[in-house]
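Residues per chain, in single letters:
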Amino acid sequence: MSYKIKKYTLDKAKELGLHVFPSDNPKYKIEIYDGNGVFLFYGGSPLYSDYPTYMETHGREFADERRRLYRLRHKKEIDKKGSRGAIIAELLW
């Protein structure tokens, strides 16, 4: 079963001028396209939850802690503005 993209991710994509769709690659949750519809990259492992999923299943406090921990683990990627890691973090976390 493919990942159902949450409103949170769709809103973030719109803010960034991107388009997201469920991934056709089973290794990833989403496909990310630029504003012109050009494929950029895949993102998010389907093996792990993300911020909007944790919000739905465990509530805000738990989701905020998971977000904090994700950002600590991926700090080097996230700090590179415009990088794949930074964009995925913005969309899913």
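None of the values given here were measured: they were computed from a predicted structure.

Next up on the list: the environment of E65. Its place among the elements puts E65 in helix α3 (residues 60-73). Along the primary structure E65 and D24 are separated by 41 residues, whereas in three dimensions their C-alpha atoms are 30 Å apart. Side-chain polar atoms of E65 contact the side chain of R68, separated by 2.9 Å.

All right, on to the packing of helix α2 (residues 51-58) against α3 then. Two numbers describe how α2 lies on α3: the axes approach to 7 Å, and their chain directions differ by 150°. Taken together, the axis directions place α2 and α3 in an arrangement best described as roughly antiparallel. In the crossing of α2 with α3, the sense of the turn from one axis to the other is right-handed. In this structure, α2 contributes Y51, Y54, M55 and H58 to the contact, and α3 contributes R60, F62, A63, D64, R66 and R67. Tallied by class, residues from the contact of α2 with α3 come to five nonpolar, one polar and four charged.

Any two packed helices are characterised by how steeply their axes cross, that is the angle between the axes, and by the distance between the axes. Interaxial distance between helix α1 (residues 7-16) and helix α5 (residues 84-92) falls to 7 Å at its minimum, and their mutual angle equals 130°. The angle between the axes of α1 and α5 places the two elements in the oblique class. Where α1 approaches α5, its residues Y8, T9, K12, A13 and L16 are matched on the opposing element by E90, L91 and L92. Of the residues belonging to the contact of α1 with α5, the class tally is five nonpolar, one polar and two charged.

Parameters at a glance
Residues numbered from 1 in each chain as written. Predicted model: local features only at pLDDT ≥ 70, side-chain atom pairs only at ≥ 80, totals over all residues. Heavy atoms only, no water. Helix = DSSP H or I, 4+ residues; strand = E, 2+ residues; numbered from the N terminus. Polar contact = N/O pair within 3.5 Å; in protein donor to acceptor, adjacent residues only side chain to side chain. Axes fitted to C-alpha atoms, helices over the stretch in contact; angles between N-to-C directions. Parallel < 35°, antiparallel > 145°, perpendicular 65-115°, else oblique. Left-handed = near helix turned anticlockwise from the far one by under 90°. Contact = heavy atoms within 4.5 Å. Nonpolar A, V, L, I, M, F, W, Y, C, P; charged D, E, K, R; others polar.

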